[in-house]
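One-letter residues, chain by chain:
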Amino acid sequence: MTMSTDDVIALIPAWNEQARLGPVVEAARRHLPVLVVDDGSEDATALVARNAGATVLSHRKNRGKGVALMTGFDWALDNGYRAVLTLDADGQHDPDDIPNFLSADASGSWDLIIGQRDFDQMPFPRRYTNPFGSWLLFKALGERILDNQSGFRLHNRDLLEMLDLTTTGFELEVEVIIQAVCHGMKVGWVKIRTIYDVDKVSYFHPLKDSARFLCMVWKAWRERRSCSL
């Protein structure tokens, strides 16, 4: 089955990523049109994105990755796109993996397609915490979750129109999985390159964001039971 990619757009949320964003946009544009949501950056992120050929939406202040994603989703739906592929601005995702998602999407079998990383290639402690988190989510949802925190994904329009998201940070990506599973949406997986830059500043806060993740696991457990009633 072959599908046109004219109605698929790549969405990149970005905050203070002027140093890394340009090559990511340029590489992604070889496969799809690109929308960048500048989440209140204090540097030239928006200008870099425009110069690289992206459409740019800007928040006046930093509101969190989750809000940036929702802004992009709403724009894509309003502009008639059938699917939205998300990837990170910092180079952690290889845009040349985009055809893997498009090939999986062409089957028409999936509502949400998530990039699966090789945990063995992750630095300590993520090589242990990420699979453990995926196992916890599996236990809560009753569905195998191979990589719960990968932000490299393709979302179809039916899924995006169904979502009723309440979180604003990194945990929003977990919330998307929970709602997709609880509403009977089909989740598929494609293998992607695992890229880590040891010199990159991480915006992930181990204690705060881990606590938020555990709250999402508890929410998944409750929602699964409410869905089965």
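The structure this text deals with has already been given above.
(A) Local environment of the pairing of strand E1 (residues 8-14). Taking burial as the measure, the 7 residues of E1 include 7 buried ones, the bulk of the element. Looking at chain direction, E1 and strand E2 (residues 34-39) are connected through 5 bridges and run parallel. Bridged to Ala-14 within E2 is Asp-38.

(B) Structural detail: the packing of aromatic side chains. Scanning the model with the defined rule gives 2 aromatic pairs in all. Measuring from ring centre to ring centre gives 6.1 Å for Trp-75 and Tyr-81, while their planes differ by 25 degrees; the resulting arrangement is stacked. By relative accessible area, which is 17% here, Tyr-81 ends up buried. Consider the rings of Phe-101 and Phe-152, whose centres lie 4.6 Å apart with planes at 40 degrees: the pair is tilted. Here the residue Phe-101 occupies a position in helix H4 (residues 98-106), and Phe-152 occupies one in the loop between helix H5 (126-141) and strand E6 (153-156), the gap between them amounting to 51 residues. As far as burial versus exposure is concerned, Phe-101 and Phe-152 are alike and both buried.

(C) Just empty space enclosed by the protein, in detail. Under the criterion given, the structure shown has 1 cavity of 30 Å³ or more. Its volume calculated, the largest cavity comes out at about 30 Å³. Among the elements of the structure, helix H3 (65-78), E6 and helix H7 (172-182) are those that each provide at least two residues to the lining of the largest cavity. Each residue belonging to the lining of the largest cavity can be placed in one class, and the counts come to 4 nonpolar, 2 polar and 2 charged.

(D) Main features of the pattern of salt bridges. Scanning the entire structure with this criterion turns up 9 salt bridges. In this structure, Arg-82 engages Asp-7 in a salt bridge whose closest nitrogen and oxygen atoms are separated by 3.3 Å. Residue Arg-82 is located in the loop between H3 and strand E4 (83-86), and its partner Asp-7 is located in the segment before E1; the two are separated by 75 residues in the primary sequence. Taking relative accessible area as the criterion, Arg-82 reaches 21% and is therefore assigned partly exposed. In this structure, a network of salt bridges that share partners links the residues Asp-7, Arg-82 and Asp-105.

(E) Looking closely at H7. Along H7, 11 of the 11 residues are buried, which leaves the element largely enclosed by surrounding structure. Taken as a whole, H7 has its buried residues at Leu-172, Glu-173, Val-174, Glu-175, Val-176, Ile-177, Ile-178, Gln-179, Ala-180, Val-181 and Cys-182.

(F) Geometry of a nonpolar patch on the surface. On the surface, Phe-132, Trp-135 and Phe-138 cluster together into a nonpolar patch covering about 320 Å² of accessible area. Of note, Phe-132 is situated in helix H5. The partly exposed category is assigned to Phe-132, whose relative accessible area is 48%.

(G) Geometry of the nonpolar core. Membership of the largest hydrophobic core comes to 34 residues, with the highest contact counts inside it found for Leu-112, Leu-137, Leu-141, Leu-159, Ile-177 and Ile-178. Of all the secondary structure elements, the ones that give two or more residues to this core are E1, E2, H3, strand E5 (112-116), H5, helix H6 (157-162), H7 and helix H8 (206-228). The dominant element in this core, judged by the number of residues it contributes, is H7, at 8 residues. If near-sequence neighbours (up to four positions away) are discounted, Leu-159 is found in contact with Asp-111, Leu-112, Val-176, Ala-180 and Met-185. Counting residues in each nonpolar core, the second largest holds 29 residues, with Val-34, Val-36, Ala-49 and Leu-87 among its members.

(H) Expanded view of the environment of Ser-103. Turning to its location among the elements, Ser-103 is positioned in helix H4. Look at Ser-103 and you get exposed, because its relative accessible area is 54%. Expressed as a C-alpha distance, the spacing of Ser-103 and Val-190, which sit 87 residues apart in the sequence, is 9.6 Å.

About the thresholds
- Residues numbered from 1 in each chain as written.
- Predicted model: local features only at pLDDT ≥ 70, side-chain atom pairs only at ≥ 80, totals over all residues.
- Heavy atoms only, no water.
- Buried < 20%, exposed > 50% of the residue type's maximum accessible area, 1.4 Å probe, protein only.
- Helix = DSSP H or I, 4+ residues; strand = E, 2+ residues; numbered from the N terminus.
- Pairing = 2+ DSSP bridges.
- Phe/Tyr/Trp six-rings, centres within 6.5 Å; stacked < 30°, edge-to-face > 60°.
- 1 Å grid on protein atoms, 1.4 Å probe; cavity = no way out; pocket = protein on both sides within 12 Å on 5 of 7 lines; lining within 4 Å.
- Points joined across faces, edges and corners; volume = space filled by probe spheres on them.
- Nonpolar A, V, L, I, M, F, W, Y, C, P; charged D, E, K, R; others polar.
- Salt bridge = Lys/Arg side-chain N within 4 Å of Asp/Glu carboxyl O.
- Patch = residues over 30% accessible without salt bridge, like charges linked within 9 Å, V, L, I, M, F, W, Y side chains within 5 Å.
- Areas by Shrake-Rupley, 256 points an atom, 1.4 Å probe, with all protein chains shown as cover.
- Core = buried A, V, L, I, M, F, W, Y, C linked by side-chain atoms within 4.5 Å.
- Contact = heavy atoms within 4.5 Å.

Function cannot be inferred from these measures alone, as they are strictly geometric.
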